[in-house]
Amino acid sequence: MTYIVFQVPGKLNYLYDRENGSLTKIEETDASALKGLLGEEAQQECISRFQAQGLCLPTKLKEIEHPDVHILSQLTAYRVSEMVLQVTQNCNLRCDYCVYSGSYYNRTHSAKRMSKETAFKAVDFLMEHSTDCDSIHIGFYGGEPLLEIELIKKVVEYIENEYEGKHVSYGLTTNATRLTEETADFMANKGFNLLVSLDGPKEYQNTQRCYVDGKGSYDDVLENLRSLKMRHPDYFDLMRINTVVPPNRDLKRILNFFAENETLARTECLVTPVTDVGNKNEIEYGESFLQTMLIERTKALLYGLGYLEIDSVTPSFFTYLGELAYIQKIITTYGLLPEKSHPGGPCTPGVRRMFVNVEGKIFPCERIGESSQMEIGSLDDGFNEQRICSMLNIGKLTEKNCKECWAFSLCGQCIALSIDGETISALKRLSRCKEVQGNNFTKLRDLVFLKENGFDFERFEGVRR
Amino acid sequence: MSKLLVYPYEEELSVFCRFPQLVQGYDSVLPISPKGLGLVGQDAAKCDGGPPTGQIVSSDLESALLQCEGIFINYAPQSALKAESYWKALDLALKNDKPVTITESLRAFLEEKGYMAFPDSVKVTGYSVEDTLATVPEKLYEIPVPIITVLGVGDKSNKFDLQLGLADFFKKAGYNVSLLGTKEYTSLFGFMPLPQFLFEGGCQKEKILQFNHFVYKLSMETHPDIIIVGCPGAIMPNNPFKFDDYGELAFVIGNALNADISVLSLYAMSYNNQALEHLHSLCKYRHNANVKRLNLACKRMVMDQATLNYRYVTLNQEFIKKEIIPPIPAGEMELYVGLSEGEMDRLGASIEAELLQNI
């Protein structure tokens, strides 16, 4: 089915038609007819009438093919815009849900570090492949990247000395246990986008994110954040927190912690469930977690409509409004689905971002494991375009299903979600379809709800994770 | 052999390496670029997708200054070059007693940043500000010289390359060519830049009249055999998420002059019949430009799905000829890849043939 019909509060009925990306208000009887509730004849009559208006038309889509496939060699030559450097595979913490903890089809913690030569080579590689980019971004990753702060400083210095003329921004994800005053000064002076991993209340932080010897990290992290705030208050306001919420945790308690904590009350906090990508075990979240997420999203919607003050809303859920603004933009701008197209979702591996591990091998991003099947090249050999092409055209794996799916343009599934163990799997990709369709259905309903109540979408454009 | 150093070399200045024979007063060009622009050590063609030039880009400004006879410094606002870097290059050139030319944009930028002590010897090139006619009668003159207009679908569509390529062709063929170029530094190639008044505020009607009179005066005073006029910017908005060019200047120029020939430069992508017909109609009825010749620039706009921002990607001219040109249903329109070997001559010859037929 290439369209979907749904109802929002107020008994308003809408039709989303993926063929022309339209979202149209329709009469209740038509909605019932399209759903088949009034019989086949009524359904056919309604479809014919809508087709005369350019809706519910048979699909023109014949083949799944990503539009970037034909110019891939040019994109990898000129448009690589972001690089993530794995400066170390080591970490001073042993978080139980870490993707490198052994619970995932991925490497585990090791003492491997990136050499200065490899790091500089990676920078040279990026500069050579980003001629068409006015600005580039370099992220530092680990393990815990601040274990290699001296290397990070050397990389920044190398870029500043050697590569005048390019706008370069930097980012770093850290557990903040090594965020000393000197390091904080460096981060602030160079304008690093800082993402701190902190799981909320002391009890949670100290059991989930503890040092190798089992000691909790809460006190050290909070002390470092307080110091950062005092030394660089403006920079602190730009910092974000990433909170991983395992299934057995009380999300509400976590959100309350951040809202009430003197140091962190105004900090944007990203709530992240434990990823199931590459996990050796099933992860299932209970009703309580899902309900809290729903309540927070609803509060965000009400804030967006002016019914709640900003203080009533958890900052991290503003990104949901940004996601809806993004869909609204797609819906109002995308034209007809062409004969060859690809479900929305995958970025161009290596172009949107390249992840370089300590050995100089290149992967699409840090979310994907470092198995050889996921490798898309190396600093020495360059990009493996054939591998990139197959990852880019991931929809080809599930072509028949994708061609018939109403959520085609809104999909959002990238290669990371198609990995089963260490291989790319059609079945794995398909297993997520119901969840993807469900999420998009919810977003469409919320979007319509906002539209019907006069929401200003432009205000939240660009506010996304 | 006299050399002109061009700095900072990047895509905007690739015409210097493509058409060194047109650079006035110099035999060759030295492209110098800060490493951050990703071109150092590469052929100068890397930034424009055209065939190799044989010129390797260097970052060694000091050594290059010893080898050159003059230096041209452009303003590259999209780069991260600070005012100090531009000033340092200028200062170094002056210390080496080299004649320096900068663009008006660079002068304005440096002045804004507090660098104002320009010696008189520094030449500034830009759109001509003297060419505003005080009052013009409400009458459009018929320009008694064949006019070729070069339009494009947006920035980075190789319009200036086409302007210079056609000027070069007709010059070599023995014609007296006037070119009104879209770049501030057009004068470095021996031609005139467009007049400043086109870029300022004011009503379209006034600009149309002014420009018509300006070109008429030019034709009466210099008696060219042919006038080539570049139309800055785009012919229409080409980004559905960001409307920043409605084709105002193409409209003004098209309605000020009845062009005999118009060439439209497109981004290199697949076009179907419907798209080509639409573009043809738009040029004809909005811009008074009957386009029969299309050029594919070595550039494409691609959209980042995550951010919905449009970006440009350079496409190699061989790739365009092999993969993109063949399926395009051009019909009666002629298709060119201007930066490709021999294509400018082919385009020029086609235009010459048509103009000669009209005599």
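Treat the numbers as computed from the prediction; the structure is a model and nothing was measured.

With respect to the pairing of strand β3 (residues 70–73) of chain B
All names here are of chain B. Side chains Gly70 and Phe72 of β3 all project onto a buried face; the interleaved residues Ile71 and Ile73 project onto the opposite face, where all are buried too. Looking at chain direction, strand β1 (residues 3–7) and β3 are connected through 4 bridges and run parallel. Bridged to Leu5 within β3 is Ile71. Two strands pair when backbone bridges link them, and β3 and strand β4 (residues 100–103) are joined in this way by 3 bridges, in the parallel orientation. Looking across to β4, one finds that Ile73 is bridged to Ile102. In this fold, the crossover linking β3 to β4 by way of helix α3 (residues 83–95) has right-handed handedness.

Points about the sheet that holds strand β10 (residues 261–266) of chain B
Residues and elements named next belong to chain B. Pairing is parallel in the open sheet, where 7 strands are placed in the order β8-β7-β9-β6-β10-β11-β14. Across the chains shown, the open sheet's two edge strands, defined by having one partner strand only, are β8 (192–193) and β14 (334–336). Here strand β6 (residues 147–152) pairs with β10 via 5 bridges, running parallel. Paired with Gly152 across the strands is Ser265, a residue of β10. Contacts from helix α5 (residues 159–172) reach β6, β7 (177–181), β9 (226–230), β10 and β11 (291–296), with the element oriented near 170° to β7. Packing of helix α8 (residues 273–287) onto the sheet brings it into contact with β6, β10 and β11, and relative to β10 it is tilted by some 135°.

A word on the domain arrangement of chain A
Residues and elements named next belong to chain A. The domains assigned to chain A are domain 1 (3–58) and domain 2 (67–465). Just the C-alpha atoms count here: the centres of domain 1 and domain 2 sit 37 Å apart. Residue-level contacts link 15 residues of domain 1 with 19 residues of domain 2. For the pair domain 1 and domain 2, the two sides together bury roughly 1600 Å², of which 64% comes from carbon and sulfur. When the buried surface of domain 1 facing domain 2 is broken down by residue, Tyr16, Arg18 and Leu23 rank first, second and third, together holding 39% of it. At the surface where domain 1 touches domain 2, the tally comes to 1 salt bridge. For Lys25, the salt bridge goes to Glu452, with nearest N and O atoms at 3.2 Å. Taken together, the links from domain 1 to domain 2 amount to 5 residue pairs in polar contact (both at pLDDT 80 or more). At the level of secondary structure, the elements contributing two or more residues to the side of domain 1 that touches domain 2 comprise β1 (3–8), β2 (12–17) and β3 (22–26). Counting residues per element, the side of domain 1 that touches domain 2 draws most heavily on β1, which supplies 6 residues.

Definitions and limits used
Residues numbered from 1 in each chain as written. Chains lettered and ligands numbered in written order. Predicted model: local features only at pLDDT ≥ 70, side-chain atom pairs only at ≥ 80, totals over all residues. Heavy atoms only, no water. Buried < 20%, exposed > 50% of the residue type's maximum accessible area, 1.4 Å probe, protein only. Helix = DSSP H or I, 4+ residues; strand = E, 2+ residues; numbered from the N terminus. Pairing = 2+ DSSP bridges. Right-handed = clockwise from strand over helix to strand, strands pointing away. Contact = heavy atoms within 4.5 Å. Axes fitted to C-alpha atoms, helices over the stretch in contact; angles between N-to-C directions. Domains from an automatic or database assignment. Buried area = accessible area lost by both parts, 1.4 Å probe. Salt bridge = Lys/Arg side-chain N within 4 Å of Asp/Glu carboxyl O. Polar contact = N/O pair within 3.5 Å; in protein donor to acceptor, adjacent residues only side chain to side chain.

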